[in-house]
Amino acid sequence: MSAGSEGNPYKVYWVTWVILLVITVAMLLAEELHMPRWFLLLFLLAFMMVKATMIGGNFMHLRHEHRQMAWMVATGLLVTSLILFAFITPETWNVLARSAR
Amino acid sequence: MAEASHAAALEAHWQGGVSPFGATWQKTMMWIFIVTDGLLFSGLLCGYGFLRMASPLPWPDRSEVFSIPFIALMTFILITSSMFMATAVLAARLGDMRKALRNLIYTIVGGAAFLGCQAVEWSHLIHDGARLTSNPWGAPQFGASFFLLTGFHGSHVFSGLVILIITAIRTAQRKTPPQGIEMAGLYWHFVDLVWVFIFTLFYLV
């Protein structure tokens, strides 16, 4: 537990919950701000990662685990997902080009 | 000398030590399972991205298809149940099994409410004409992506609920150690974590 939650050990979960809800509301309202599409995407993806990190770190206690464990989980998921994405994305352009012909 | 101590440190972690990664084998295996299950969803989300980007027909407009406030309510329910689960895990660790059981029950109620909401959402979409291969709003791949992604997630919520109900019953009978609640909690948080990605990539983007 962090120093701030020594009084009430459950406080970290309430604070995380509130932050997650605030971020969710911000994500829902983002479209109303009529920001450029690329910026909206960036905004949503960034906050998605923040939410995932908070759930993994605080609810799943990954930030209190052995650092190697946290690295195994984070790199295992992120690197493999990026490899999948990198192999799949270029193919979508090929498919689109073929269907446009 | 330094090499020898490094080898000894590695051995302590990897050569059958009682706590690889400084965690019990149950927790380590649960994390490995979570990574592999996460990769399943990663593949599904990449497949969805592929279908969406490669579709020559426009992807359905989310505000036309979904009730976004309703999806927001589902998200609220799942995040809240995750918070109760984290509280249950800590209460069990601190030896307060009554509080752990109470929060486990809140988590189960939240999970059941989420599944109920998902059933309502599916019913509405099916009633409006959404099928695996067609829908009235745009690209036909939308239906397959939606039902596959949310269906897989829903099946995880369902299995998580079964695990939580068994854990709650065994906690009430004082048969589940705190670590059992922690393992169930890791799985439940994973279900919440996956929803964060589905919510953003499918409902908001």
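Rules behind the numbers
Per-chain numbering applies: the sequence of each chain, read as written, is numbered from 1 onward. Going through the entries in the order they are written, you letter the chains from A and number the ligands from 1. Only residues with pLDDT of 70 or above have their local features reported here, since the model is predicted, and side-chain atom pairs are shown and tallied only from 80 upward, although totals for entire chains, interfaces and linings are computed over all residues. Hydrogens and water molecules were not included; the side-chain quantities draw on all heavy atoms of the structure. Helix and strand assignments follow DSSP, with helices taken as H or I runs no shorter than four residues and strands as E runs no shorter than two, numbered in order from the N terminus. Expected span, for any helix, means 1.5 Å times one less than how many residues it has. For each residue, the accessible area found with a 1.4 Å probe, counting protein chains only, is set against the maximum for its type, and the residue is called buried under 20%, exposed over 50%, and partly exposed in between. A contact between two residues is defined here by any heavy atoms of the two lying within 4.5 Å. Any Lys or Arg side-chain nitrogen located within 4 Å of an Asp or Glu carboxyl oxygen qualifies as a salt bridge. Any two of the Phe, Tyr and Trp rings considered here, Trp counted by its six-membered ring, make a pair once their centres fall within 6.5 Å; the pair's planes then place it as stacked at under 30 degrees, edge-to-face at over 60, or tilted in between. Cavity: a set of points on a 1 Å grid over the protein atoms alone where a 1.4 Å probe fits but cannot get out. Pocket: an open set with protein on both sides within 12 Å along at least five of seven lines, its lining residues, like those of a cavity, having an atom within 4 Å of a point. Grid points are joined across faces, edges and corners, and a volume is the space filled by probe spheres set on the points. Residues were grouped as follows: Ala, Val, Leu, Ile, Met, Phe, Trp, Tyr, Cys and Pro as nonpolar; Asp, Glu, Lys and Arg as charged; and all remaining residues, including Gly, as polar.

What follows is about helix α2 (residues 37-59) of chain A. Over its 23 residues, α2 of chain A extends 32 Å from the first C-alpha to the last, a length consistent with the 33 Å expected when each residue adds 1.5 Å. Residues of α2 of chain A that are buried include every one of L40, L44, M48, K51, A52, M54, I55, G56, G57, N58 and F59 of chain A, and no others. On its buried face, α2 of chain A is in contact with α1 (11-29) of chain A together with α4 (68-93) and α7 (178-204) of chain B. Count one or two residues on from α2 of chain A and you reach H61 of chain A, which has phi positive near 60°.

Tallied over the entire structure, the rule returns 4 salt bridges over all chains. In this structure, E182 of chain B and K27 of chain B form a salt bridge, with 3.0 Å as the shortest nitrogen-oxygen distance. Taken as a pair, E182 of chain B in helix α7 and K27 of chain B in helix α2 (residues 25-54) lie far apart in primary sequence, 155 residues in all. For E182 of chain B, a relative accessible area of 7% puts it in the buried group. With a closest N to O distance of 2.3 Å, E182 of chain B and R93 of chain B form a salt bridge. Within this pair, whereas E182 of chain B is found in helix α7, its partner R93 of chain B is found in helix α4, the two being separated by 89 residues in sequence. Since its relative accessible area comes to 48%, R93 of chain B is described here as partly exposed. Bridged by salt links that share partners, the residues E65 of chain A together with K27, R93 and E182 of chain B form one connected network.

Residues and elements named next belong to chain B. The final tally for this structure, using the stated rule, is 25 aromatic pairs over all chains. On the basis of an interplanar angle of 45° and a centroid distance of 5.9 Å, the ring pair of F146 and F202 is categorised as tilted. Taken together, the positions of F146 in helix α6 (residues 141-172) and F202 in helix α7 put the pair 56 residues apart, joining distant regions of the chain. On the accessibility criterion, F202 (3% relative accessible area) is buried. Ring-pair connections join several aromatic residues into one group, and the members of that group are Y48, W59, F66, F114, W122, W137, F142, F146, F147, W195, F202 and Y203.

So, on to the layout of surface pockets. In this approach a probe as big as a water molecule rolls over the atoms, and the regions it shows empty are the leftover space. Computed from the structure, the largest pocket encloses a volume of approximately 1,400 Å³. If you go around the largest pocket, you meet 37 residues; those closest to its centre are M48, M49 and L78 of chain A together with F197 and L201 of chain B. Those elements that provide at least two residues to the lining of the largest pocket are α2 and α3 (67-100) of chain A together with α2 and α7 of chain B. Per element, the largest residue contribution to the lining of the largest pocket is 11 residues, and it comes from α2 of chain B. Counted by class, the lining of the largest pocket contains 28 nonpolar, 7 polar and 2 charged residues.

Read these as spatial facts, not as claims about activity.
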